[in-house]
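Structure assessment
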Amino acid sequence: MDRLKKRADFLRAARGIRRVEGAITLETCATPPDETAPQKLRIGFTASKKIGNAVARNRAKRRLRAAAHELLPLLGRQGHDYVLVARGTTVARPFAALLSDITSALRSAHRKLDAKAGEG
RNA sequence: UCAGAUGGCCGGGUGACCGCGGGCUUUGCAAGAAGUUCGAGGAAAGUCCGGGCUCCACGGAAAAACGGUGCCGGUUAACGGCCGGCGGGGGCAACCCCAGGGAUAGCGCCACAGAAAUGACACCGCCUACCGGCCCGGUCUUCUCCGGAAGAUUGGCCGCGGCAAGGUUGAAAUGGUGCGGUAAGAGCGCACCGCGUUCCUGGCAACAGGAACGGCUAGGCAAGCCCCACCGGGAGCAAGACCAAAUAGGGACGGCACGUGAUGUUUUUCGCAUCGUCGUCCGGGUCGGUCGCGUGAGGUGUGGGGUAACUCACAUCCCAGAGGAAUGGUCACCACUUGCGCAAGCAAGUACAGAACCCGGCUUACAGGCCAUCUGACGCU
RNA sequence: UGGGGCGUCGCCAAGUGGUAAGGCACUGGAUUUUGAUUCCAGCAUUCGAAGGUUCGAUCCCUUCCGCCCCAG
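Residues numbered from 1 in each chain as written. Chains lettered and ligands numbered in written order. Predicted model: local features only at pLDDT ≥ 70, side-chain atom pairs only at ≥ 80, totals over all residues. Heavy atoms only, no water.

Thoughts on the nonpolar core
Grouped together as the largest cluster of nonpolar side chains are 26 residues, with contacts concentrated most on Ile24, Leu26, Ile43, Leu84 and Ile102. Contributing elements (two or more residues each) for this core: strand 3 (24-30), strand 4 (42-46), helix 2 (54-75), strand 5 (80-86) and helix 3 (95-119). With residues near it in sequence (within four places) discarded, Leu26 still touches Ile17, Arg18, Arg19, Tyr82, Val83, Leu84, Ala105, Leu106 and Ala109. (Core = buried A, V, L, I, M, F, W, Y, C linked by side-chain atoms within 4.5 Å. Buried < 20%, exposed > 50% of the residue type's maximum accessible area, 1.4 Å probe, protein only. Helix = DSSP H or I, 4+ residues; strand = E, 2+ residues; numbered from the N terminus. Contact = heavy atoms within 4.5 Å.)

Quick look at the pairing of strand 5
Counting buried positions over the seven residues of strand 5 gives seven, a clear majority of the element. Burial of the side chains of strand 5 extends over both faces: His80, Tyr82, Leu84 and Ala86 are buried on one face and Asp81, Val83 and Val85 on the other. Across seven bridges, strand 3 lies against strand 5 in antiparallel orientation. Counted as the bridge partner of Leu26 is Leu84 from strand 5. (Pairing = 2+ DSSP bridges.)

Overview of the side chain of Asp81
Inspection of the secondary structure assignment puts Asp81 in strand 5. Sequence-distant contacts of Asp81, defined by excluding residues within four places in its chain, comprise Leu4, Arg12, Glu27, Thr28, Cys29, Thr31 and Arg42.

Topic: the protein's contact with RNA strand B
Every residue lining RNA strand B is accounted for by Arg3, Lys5, Asn53, Ala54, Val55, Asn58, Arg59, Arg62, Arg63, Arg65, Ala66 and Phe95. Near the protein, meaning within 4 Å, the atoms of RNA strand B are sugar or phosphate in a fraction of 66%, with bases accounting for the rest. Contacts to RNA strand B include Asn58, whose side-chain N or O atom sits 3.4 Å from a base nitrogen. In this structure, Arg65 approaches RNA strand B through a side-chain N or O atom, which is 2.9 Å from a phosphate oxygen. For the surface near RNA strand B, the element with the highest residue contribution is helix 2, accounting for eight residues. (Near = heavy atom within 4 Å. Polar contact = N/O pair within 3.5 Å; in protein donor to acceptor, adjacent residues only side chain to side chain.)

Structure representation (structure tokens):
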């Protein structure tokens with residue numbers, strides 16, 4: 001599971017499928033196929049200045065990272081990029097609720113992806 | 001006990017499970033794996049000052065301009081920081097606050113009000129001692145045609161003149177109070193206070209105390225321009241150093257083509273130079289990588305010097321370091337706060353805030369707690 | 001990292017030591033049968049915040065808060 005680092009990767013994910021669920025926003029899209037490496041699951045985290053000061057932003061990213069570390073190996077798909085965006089309530093959200101938010105967002109996004117693949 | 005003042009310290013603890021980053025060791029061709037160890041702060045923040053370090057510029061440097069600092073002494077690598085002292089202000093006190101040089105170097109400003117806002121002159125006003133004029137009132141004397149006239153004296157008014165005491169203002173009015181003095185007044189004189197100059201004493205100095213003299217001529221603002229003294233070359237780790245791909249281009253040498261053409265040499269002719277391709281080597285340099293980068297004006301302890309800031313000696317310790325960026329997630333118990341409750345307990349919450357080249361300060365934010373010293377009031381002994 | 005600028009009524013803004021112009025908007029009134037236009041009147045109490053200098057501060061100084069811009 002690799003991390004997204006380049007600004008261009010984040011922008012491509014933002015143009016893909018977006019799901020808002022509870023305290024998080026999930027953005028996802030398929031990894032571009034011109035990558036030579038074998039198909040991997042990649043994930044990035046975003047916490048903007050709207051969340052608060054540096055301590056609040058760091059804490060939001062850490063909670064998202066811990067949640068993604070539990071869920072994405074089970075629910076994520078290889079060859080896709082995922083971006084988890086923290087919202088104002090991410091810091092105060094109970095951890096179990098955060099997990100269910102991400103789970104339902106992932107399932108909804110995957111249904112949309114399958115529908116797209118079926119059409120195309 | 002209550003109310004305060006100052007200085008310093010801490011700023012959640014323990015355990016379990018799952019994880020993250022750096023170093024080291026072992027293993028492995030490598031990717032990686034295992035073990036072990038370390039892993040945010042008092043402000044890491046704001047970026048307001050000062051340095052280290054690196055590069056650039058330069059004749060050691062100095063000056064102008066610009067910017068900054070501003071009582072005195074000390075401290076320091078340096079500072080606009082800190083410490084001690086002085087002066088001024090506040091508080092019953094402990095103690096706190098102060099950009100606190102120069103206003104006879106010059107320029108500027110001082111609205112409204114007020115006579116006047118800096119040449120103290122004009123104005124209102126006070127005075128009539130001196131000089132002059134007018135008026136008639138009173139008194140006296142003389143003359144008289146009994147209407148009055150002249151003179152003297154006293155009084156009033158005006159001018160010349162004297163004065164800066166007083167003049168509803170204002171933030172501020174050219175020393176203040178008292179006595180004397182005068183026609184009225186005035187530092188005109190005297191006493192005390194304030195101011196200035198000189199001298200003496202104490203102190204390294206700022207300054208303090210005292211004496212004599214000056215008579216007062218010096219209004220405020222320099223966080224207005226300015227003057228004086230002192231300080232500052234510029235940029236910043238994206239500094240800078242090294243390694244170095246593909247592609248394109250550059251240089252040197254050699255081989256092959258050497259002829260038509262093109263360009264340049266102001267124009268024509270002649271002449272000259274350049275423009276091709278292949279190979280080898282060299283240098284610059286982009287993406288990228290490595291270093292800079294954690295032994296330091298370092299921490300802790302003891303002892304010495306100093307009122308203190310600080311400093312010296314000895315011992316001891318190694319204590320984060322990055323790649324867009326690790327230092328976390330969850331649970332249990334304890335501690336604290338708030339709410340509900342008679343209670344047991346239940347629920348919610350736990351300050352401000354996240355290193356990025358480093359260090360010394362300053363400023364700002366901060367739930368709550370601890371320690372020490374001191375002051376005032378009350379009570380007890 | 002370094003540098004520069006701004007903050008004044010709900011909005012746009014002038015004023016830069018002496019009690020804050022103007023326009024739009026808003027409110028009330030007049031004109032009109034009604035509305036628009038026009039006219040009259042009103043509308044700043046923390047000039048982003050705190051402290052200081054000054055007799056007096058939106059203005060000068062210091063420190064904070066928020067926003068914008070420039071260079072790399």
